[in-house]
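# Summary of the model geometry
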Number of protein chains: 4
Amino acid sequence: MATAFERVTRFIQRLRDLRGGDEPWLPTFPPDEDVSRRVAGGSRIDPGAVERRWGLLGASEATRGQVLDPMTVEQMPAYEHNIENFVGAVRVPVGIAGPLRVRGLFARGDYYVPLATTEAAMVASYTRGAQALSDAGGCTSVVVNEGVTRSPVFGFKDVVEAGQFVTWVAGQMPTLRAEAEATTRHGKLSDVSVTLEGNHVYLLLEFFTGDAAGQNMVTIATAAVCRHIEANSPIKPKYWFVEGNMSGDKKASSQSFQSVRGKKVIAEASLPADLVQRRLRSTPKQMVEYYRISATGGVLSGNIGIQGHYANGLAAVYIACGQDAACVAESAVGITRFQENPDGSLYVAVTLPNLIVGTVGGGTGLPSQRACLDILHMAGAGHANAFAEVCGALVLAGEVSIIAALASGQFAQAHQKLARAKET
Amino acid sequence: MATAFERVTRFIQRLRDLRGGDEPWLPTFPPDEDVSRRVAGGSRIDPGAVERRWGLLGASEATRGQVLDPMTVEQMPAYEHNIENFVGAVRVPVGIAGPLRVRGLFARGDYYVPLATTEAAMVASYTRGAQALSDAGGCTSVVVNEGVTRSPVFGFKDVVEAGQFVTWVAGQMPTLRAEAEATTRHGKLSDVSVTLEGNHVYLLLEFFTGDAAGQNMVTIATAAVCRHIEANSPIKPKYWFVEGNMSGDKKASSQSFQSVRGKKVIAEASLPADLVQRRLRSTPKQMVEYYRISATGGVLSGNIGIQGHYANGLAAVYIACGQDAACVAESAVGITRFQENPDGSLYVAVTLPNLIVGTVGGGTGLPSQRACLDILHMAGAGHANAFAEVCGALVLAGEVSIIAALASGQFAQAHQKLARAKET
Amino acid sequence: MATAFERVTRFIQRLRDLRGGDEPWLPTFPPDEDVSRRVAGGSRIDPGAVERRWGLLGASEATRGQVLDPMTVEQMPAYEHNIENFVGAVRVPVGIAGPLRVRGLFARGDYYVPLATTEAAMVASYTRGAQALSDAGGCTSVVVNEGVTRSPVFGFKDVVEAGQFVTWVAGQMPTLRAEAEATTRHGKLSDVSVTLEGNHVYLLLEFFTGDAAGQNMVTIATAAVCRHIEANSPIKPKYWFVEGNMSGDKKASSQSFQSVRGKKVIAEASLPADLVQRRLRSTPKQMVEYYRISATGGVLSGNIGIQGHYANGLAAVYIACGQDAACVAESAVGITRFQENPDGSLYVAVTLPNLIVGTVGGGTGLPSQRACLDILHMAGAGHANAFAEVCGALVLAGEVSIIAALASGQFAQAHQKLARAKET
Amino acid sequence: MATAFERVTRFIQRLRDLRGGDEPWLPTFPPDEDVSRRVAGGSRIDPGAVERRWGLLGASEATRGQVLDPMTVEQMPAYEHNIENFVGAVRVPVGIAGPLRVRGLFARGDYYVPLATTEAAMVASYTRGAQALSDAGGCTSVVVNEGVTRSPVFGFKDVVEAGQFVTWVAGQMPTLRAEAEATTRHGKLSDVSVTLEGNHVYLLLEFFTGDAAGQNMVTIATAAVCRHIEANSPIKPKYWFVEGNMSGDKKASSQSFQSVRGKKVIAEASLPADLVQRRLRSTPKQMVEYYRISATGGVLSGNIGIQGHYANGLAAVYIACGQDAACVAESAVGITRFQENPDGSLYVAVTLPNLIVGTVGGGTGLPSQRACLDILHMAGAGHANAFAEVCGALVLAGEVSIIAALASGQFAQAHQKLARAKET
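## Observations regarding the overall build of chain A
Scanning chain A from terminus to terminus reveals 16 helices and 11 strands. Summarising its shape, the C-alpha atoms of chain A cover approximately 70 × 65 × 60 Å along the three principal directions. Buried residues in chain A amount to 71% of all 424 residues. In chain A, the proportion of contacts linking residues at least 24 apart, taken out of those at least 6 apart, comes to 73%. In the form shown here, chain A has an accessible surface area of approximately 12000 Å², with 53% of it arising from carbon and sulfur atoms. In chain A, the 39 positive side-chain charges and the 40 negative ones have mean positions that sit 3 Å from each other.

Dropping the structure here:
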């Protein structure tokens, strides 16, 4: 008997039990029933618009009070260019992980990194890793590449016209740069590359975006480039789109992993064996053995890169510091590598090619988010590279801690102790 | 001249310019300098501990006031099992996207979905998609599979012992189930599968986790299974680890994409051509043409699955509703498919195999997060499947809106209008 | 200046230089020009048909003589069910790699493996690896899983009908098995699993195929299953296809890599340090260091699995032994793992989940191919599992040899010495 | 009950049945038993050495006669730099697929492509596709990029030294080129790029290799580059290897797929609807519908790119024409795209970025292989680009034919008719 079929059958039975077997498969809505009302006011944030939105929701006063807390009410106008259909704010608790000693090109010092998360044991684990790194004299963390991408696509009659277009556009770099940079004060078009697929031409435009994460900036600059091409190309595209889904925006991608999207950071350290024993209750040999078996596990399950749990630290620091949390999907790839040094100490490194971070723009200027950047002394212009280096160091701390925990058998216990009160 | 080398050279020059060329490559810290102090108090949340932590940070009163707002101070004890080294909270603005009419196995009705984000245009875009779906009579969204995984790994002397172990363990299902289920009230061990690699055996344990996302639950249950195996297996593993990194936890993974991790949801709808024109300012043909070219773009850049921007909607609803935001890394994969129906309407579907969601446990009980679930009438036990179906419908709305915007050339403009005040 | 654009420009210039700049971009054929004649006789193999085909080609007598050598002329009828438009044969030189001592479930003894290749150094390298394994007492090589797949797909009106279909079909296993097995004497339908994507249902049918590779067998059996479903399903598919491109046929695939396609074989051995030194001129430490860095290289470049050069050995033994050489595309994935044992010896293992091999059917009965199987004493029924184990052992020998060569710096020299006479 | 475990149990039972349950799990060889003899003579090809090798094998005269046919005996010396441990040749039957009308930058005319295969229905299917393309006026097939890669890797003390090395090496392009090109008459170092991972630096050297596939050439040139670096770098690597497994050699790789390895070729055509009907017994709509569902199937199963069966045509033409058949593993990736043109005709295109082909070197000069190139009028220098374009056109023909067959339901029947005599 086919096993997979058995599983399907069991699952269907389970669905029936959960729902009550006699209910119809799906509900129907009477055709004359109105879809309910629109949301009032769009991007406007004023008490009246907010009031009308809550009216739609039919929520209790208690619910409203939790989301529309006094400080959020007071600071309402601050959110006007960051959200639409505003009804309040969710408070995500913040803990600090550190001290984390970083030797970077831009970041240098001991940091307490604000992490916004609702998952028990997470801040404790990153703190343990950070302290181990700091005890070892700190970690090195350096920005080694940079570039935010957009990938417009152009369709032609056939591959011959597509090829003629490529021949033309390859000579247009100075013009494309001028068009792009006319739309932005801080963005620089740093590189363009080309992918020919049948009669389609995807361009990959890469930008330096200053201290902003820059995803809007590059979209607007790319649109200007496309309009210029449309107006001036001797071979007219039959159609074009400002983004052909090759940029890796908001998703894990082999291409971004293999090149750069945002900032590429490498963080590394060497941990003496006695420190590993004392701080992490493991040994370099044990950690390397676990690392090897888990790296193979990652390959067996088809990950992009090799890693433990980059997403935990990145999501938490992104939320705390006003970054785009959706970019965790693209940032949480990279290569972790642990190996024994000839002297018996433990070499640890992470390589993160896709950190989409900034210290201006996006959510970085919102009141509590800016305060979290202030904790790092990194609010505002001039700090994006340093912030990226701290993110890299943080991820390294997280890998050190989880690999030690899994190598030495403490992992399940830590979660049991810190989280079990909540969930069974 | 090698192009890539030119780029390296330009980047190095840029780094020098940014940092000032005369600074030493990396800082050194004097060996006698103390790494700064530990963080006080660990998981304790009380005014004294919080005070001591702020003392460490050396932050201004203004900064502290933003993070330690009055309501957070008042509700401090609520966070005690969700975070360590607590210093306050970050307020993430919430907008509502809707109405979103859903015909599900569990979700049925018109929803306004709370989205926590700091990125302009995002809620507006999801709202536009939601309203288009609702105008079309709503979308279908159904849970079709379920299972949260852990993958312990066991190392043996050689493949012969590994094979003998597999032979033994394959007969132990009832016992393993009993051991696992003794640790949890709600978890059920639903399936176990085996991967042999050389002399290593990875087990993949799959659980039903009730209304919890369940990641701690399955860790604890898996640890119990492993201890039982260690104590009882006639072939002793040389070493074993509770997680061999095959579970897909916190990362995009081919294996999870191809099976299930959390809940698998499919959402679909058909949009009449005139509705596409009126609501989305595009046409089914144009949207299908863009879809095709962007699906190819996704394949060209090596995505897992085919999709536009699942991560945007998922990150926002996860943060608002107390889900684990780091799971966006694994949840934001799937297949979007748009095609023309024979009658000229537009068929749209998303298939999301890895939604890690719950309505109990994790951050779902925190004050403002629970309030967001209340907006959906989905707080507490009995709602996880319905919440997953709303997540699926939300993602569908986002794909409809972004594909329409990119197909019709509105994408850059929308971002320019809603976000440009902030960033240049 | 954009680097990629520079490269495009250089490449275009190079094309112009190669072709002569004044030629038109592409040729045009006069519209009235006949496309040349059809090929005579299709699948018939007789002297007249062959003669007419050579007539079409306008080749010299010398050319014809090389392809239509006397023995091929004599044995012409033997090829009748293996090829169409037959014009002769290509002679691929065969070398033997061995002795290769194998301890398998089915293969047991010392083998000289016939390898058909035109690449210098290849047989020498596999021989070196084979002899090192044999000196160590041989390698273990075992079949641990089996199954050849086809993936028909069914399209429905919507996901609700798709779900109802799944509910029905999951109860049909005995019937589907009966339908499938009525078409074949040796095939057994061993498993069926289901993938729901939007309103599409992909089934994955898995078969045991006896001693045949079995790809035709499973296609015919699957067609029978589909016709049965079409005739009997209470929910009629709007369309269906016998293969929805999920089976992994003729391509590397994450799914096949993670499960099985054909036979899954694991081969392993332990090599004492002095043997590594003497036979391979390397050390276990050096080889493990190279292995680690090359495994990371494979992950960085986005391979499926981790491996050196499986394709070399597999292509050569497949061609020699009448296997389907196109299946190298799917077979050449897996996991190589090298690590030091506590006693200082070198543990080496390969895991190959997708060996598509047989000893009956396909090209296995052709005169020289059957002779190559005879060299292994594996021609005809009853030998497929043993042959798969020898393939696994062969791949292990190749990994041992190439990793030793790359680790110790002999790689370039070997190629220089054995191949350089031919190519500069 | 766990389904996967059930399957394991069934498979173990099946193994026992096949082997006979009482046999010991694995054989042991007596420790004093000699591993059998070495192979005589290595790379020497002379009657005496061949005789001694056959002596080792213990094969019958009949077996020997099939492998050591008269023409192979006569031509023995021709194989001397292409194989070691030579014992004869395997004859792979060759059929011709065509006429295939190609409009290329280099290939122009109507070709009959020699295909060496033992799989029934294959040549017939490619012929059908070729004739359909030719009836439509032929296909366009153009080389659009080129480059054969090697990826040496260098290990350093830490990322700081690695970065200093990158800074140095990026200025060395002219020197590296001179060193590389001193080793080869035809190879040109065209590009170098850099990947930093922790304290490791992988270089990707790209070469133009003239009319040779060039894999030995680039290895030897890369070794010279590495020796130069070792001798001259101001920052000494702790270790280095000539190939760090990032080149994509002999394996499917995301990186090679996304750039180029060997030659990148695009082939396309438009087929009028009535031709599709008459020649292929399908319709553009039906073929596009099947294409879409199969492209999704490819994504669902985790292929690299989107394609049907590139490996079939490529393996066959590679074997016939003396290419390295193992390179099928890397060449058989790409993007197939089928869509309807506005006028109702069918647009078909394939993009193949990794064709490793040549018309000099490797096996291209062997007697029957050279004869097959002669059939194409492409033996010797000056033909590699044209041959690559024919390979692209051939693959397009194969995709057209198989997609038509699967779309219209003829697939299983064709295999049943042509192949069933052999296998059940």
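Back to the write-up after that little detour.
## Some details on the interface of chain D and chain C
Each partner contributes residues to the interface: chain D has 177 residues there, and chain C has 176 residues. In total, chain D and chain C occlude about 14900 Å² of area from one another, counting both sides; carbon and sulfur atoms represent 59% of this. Applying the counting rule to chain D against chain C returns 2 salt bridges. In this structure, Arg38(D) engages Asp135(C) in a salt bridge whose closest nitrogen and oxygen atoms are separated by 3.1 Å.

## Let's talk about the interface of chain B and chain A
Contacts between the two partners involve 176 residues from chain B and, on the opposite side, 177 residues from chain A. Summing both partners gives a buried area of about 14900 Å² for chain B against chain A, and 60% of it is carried by carbon and sulfur. Applying the counting rule to chain B against chain A returns 1 salt bridge. Viewed at the interface, chain A and chain B are joined by 55 residue pairs in polar contact (both at pLDDT 80 or more). It is strand β1 (residues 86-104) of chain B that provides the largest number of residues to the side of chain B that touches chain A, a total of 17 residues. When strand β1 (residues 86-104) of chain A meets β1(B), the two strands line up antiparallel, connected through 9 bridges. Residue pairing for β1(B): Pro93(A) is matched across the bridge by Ala89(B).

## Regarding the nonpolar core
Judged by nonpolar contacts, the single largest core of 597 residues is most densely connected at Leu133(A), Leu133(B), Leu133(C) and Leu133(D). Each residue touching Leu133(A), except ones within four places of it in the same chain, is listed here: Leu100(A), Gly138(A), Cys139(A), Ala269(A), Leu271(A), Val348(A), Ala393(A), Leu396(A), Ala397(A) and Val400(A).

## Considering the pattern of salt bridges
In this structure the tally under the stated criterion is 73 salt bridges over all chains. Between Asp135(B) and Arg278(B) there is a salt bridge, with its nearest N and O atoms 4.0 Å apart. With Asp135(B) in helix α5 (residues 122-135) and Arg278(B) in helix α10 (residues 273-280), this residue pair connects regions lying 143 residues apart in the sequence. Taking the relative accessible area as the measure of exposure, Asp135(B) reaches 29% and is therefore partly exposed. Residue Arg278(B) is classed as exposed on the basis of its relative accessible area of 55%. Each member of the salt-bridge network shares a partner with another, and the members are Arg150(A), Glu243(A), Asp249(A), Lys250(A), Arg261(A), Asp324(A) and Glu330(A).

## Some thoughts on the relation of the copies chain D and chain C
The transform that puts chain D on chain C rotates by 180° and translates by 0.0 Å along the axis, for an RMSD of 0.0 Å. Both copies of the chain, as the preceding transformation shows, are related through a two-fold rotation axis. Looking at chain D, 99% of its interface residues are interface residues in chain C too, so the copies touch through the same face.

## Focus on the packing of aromatic side chains
Geometry of an aromatic ring pair is reported as the spacing of the ring centres plus the angle between the planes. In this structure the tally under the stated criterion is 32 aromatic pairs over all chains. Measuring from centroid to centroid gives 4.9 Å for Phe241(A) and Tyr290(B), while their planes differ by 70°, and the two rings are edge-to-face. One end of the pair, Phe241(A), is in strand β7 (residues 239-241); the other, Tyr290(B), is in helix α11 (residues 284-300), on a second chain. A relative accessible area of 3% places Tyr290(B) in the buried class. Through successive ring pairs, a cluster of aromatic residues spans Phe154(A), Phe156(A), Phe165(A), Trp168(A) and Trp240(A).

## Here we look at unusual backbone geometry
A cis geometry characterises the amide bond from Gly98(A) onward to Pro99(A), with omega recorded as 0°. Within the fold, Pro99(A) resides in strand β1. Even without a glycine there, the phi angle at Ala121(C) is positive, about 80°. Despite not being glycine, Arg281(D) shows a phi value in the positive range, around 50°. Along the chain, Arg281(D) falls in the loop between α10 (273-280) and α11 (284-300).

## Quick word on the confidence of the model for chain A
Reading predicted coordinates in detail is not appropriate for stretches of low pLDDT. Across chain A, the average pLDDT comes to 92, with 93% of residues at 70 or higher. Reported for the predicted complex are a pTM of 0.96 and an ipTM of 0.96.

## Digging into the packing of α5(B) against α10(B)
Residues and elements named next belong to chain B. Contact pair α5 / α10: the axes reach a minimum separation of 10 Å and the direction vectors enclose 150°. Taken together, the axes of α5 and α10 lie roughly antiparallel to each other. As for how α5 packs across α10, the hand of that crossing is right-handed. Contacts between α5 and α10 involve Arg128, Gln131, Ala132 and Asp135 from the first element and Leu275, Arg278, Arg279 and Leu280 from the second. Broken down by class, the residue content of the contact of α5 with α10 amounts to 3 nonpolar, 1 polar and 4 charged.

## Here we look at the relation of the copies chain B and chain A
Superposing chain B onto chain A takes a rotation of 180° combined with a translation of 0.0 Å along the rotation axis, leaving an RMSD of 0.0 Å. When the interface residues of chain B are mapped onto chain A, 100% of them again fall at the interface, so both copies present the same face.

## With respect to the side chain of Thr336(A)
Residue and element names in this part refer to chain A. When you line up the elements, threonine 336 lands in strand β10 (residues 334-340). Under the relative-accessibility criterion, threonine 336 is labelled buried at 1%. Separated by 2.7 Å, the side chains of threonine 336 and glutamate 399 make a polar contact.

## Section: the packing of helix α12 (residues 310-320) of chain A against helix α15 (residues 384-408) of chain A
Residues and elements named next belong to chain A. For the pair α12 and α15, the least separation of the axes is 8 Å and the interaxial angle reads 140°. Here α12 is positioned oblique relative to α15, judged by the angle of their axes. The interaxial crossing formed by α12 with α15 has right-handed handedness. In this structure, α12 uses Tyr310, Gly313, Leu314 and Val317 to contact α15, whose residues at the interface are Phe387, Cys391, Leu394, Val395 and Glu399. By residue class, the composition of the contact of α12 with α15 is 7 nonpolar, 1 polar and 1 charged.

## Examining helix α15 (residues 384-408) of chain D
With 25 residues, α15(D) should reach 36 Å at 1.5 Å per residue; the first-to-last C-alpha distance of 36 Å fits that figure. With respect to burial, α15(D) is a largely interior element, 24 of its 25 residues being buried.

## Observations regarding helix α6 (residues 159-169) of chain A
Along α6(A), 8 of the 11 residues are buried, which leaves the element largely enclosed by surrounding structure. Of the residues flanking the start of α6(A), the one acting as N-cap is Asp158(A), its side-chain oxygen 3.2 Å from the backbone nitrogen of Val160(A).

## Structural notes on the pairing of strand β8 (residues 262-271) of chain C
Residue and element names in this part refer to chain C. Counted residue by residue, β8 has 9 buried out of 10 residues, so it is predominantly covered. Alignment of strand β3 (residues 139-150) against β8, held across 7 bridges, turns out to be antiparallel. Directly across from asparagine 145, in β8, lies its bridge partner lysine 264. Of the pairings in the sheet, the one linking β8 to strand β11 (residues 346-355) comprises 8 bridges and is antiparallel in character. Bridged to lysine 263 within β11 is leucine 355.

Reading guide: rules and limits
- Residues numbered from 1 in each chain as written.
- Chains lettered and ligands numbered in written order.
- Predicted model: local features only at pLDDT ≥ 70, side-chain atom pairs only at ≥ 80, totals over all residues.
- Heavy atoms only, no water.
- Helix = DSSP H or I, 4+ residues; strand = E, 2+ residues; numbered from the N terminus.
- Buried < 20%, exposed > 50% of the residue type's maximum accessible area, 1.4 Å probe, protein only.
- Contact = heavy atoms within 4.5 Å.
- Areas by Shrake-Rupley, 256 points an atom, 1.4 Å probe, with all protein chains shown as cover.
- Lys, Arg positive; Asp, Glu negative; His and termini not counted.
- Charge placed at Lys NZ, Arg CZ, Asp CG, Glu CD.
- Buried area = accessible area lost by both parts, 1.4 Å probe.
- Salt bridge = Lys/Arg side-chain N within 4 Å of Asp/Glu carboxyl O.
- Polar contact = N/O pair within 3.5 Å; in protein donor to acceptor, adjacent residues only side chain to side chain.
- Pairing = 2+ DSSP bridges.
- Core = buried A, V, L, I, M, F, W, Y, C linked by side-chain atoms within 4.5 Å.
- Least-squares fit on C-alpha atoms with pLDDT ≥ 70 in both.
- Phe/Tyr/Trp six-rings, centres within 6.5 Å; stacked < 30°, edge-to-face > 60°.
- pLDDT = per-residue confidence, 0-100.
- Axes fitted to C-alpha atoms, helices over the stretch in contact; angles between N-to-C directions.
- Parallel < 35°, antiparallel > 145°, perpendicular 65-115°, else oblique.
- Left-handed = near helix turned anticlockwise from the far one by under 90°.
- Nonpolar A, V, L, I, M, F, W, Y, C, P; charged D, E, K, R; others polar.
- Expected span 1.5 Å × (residues − 1).

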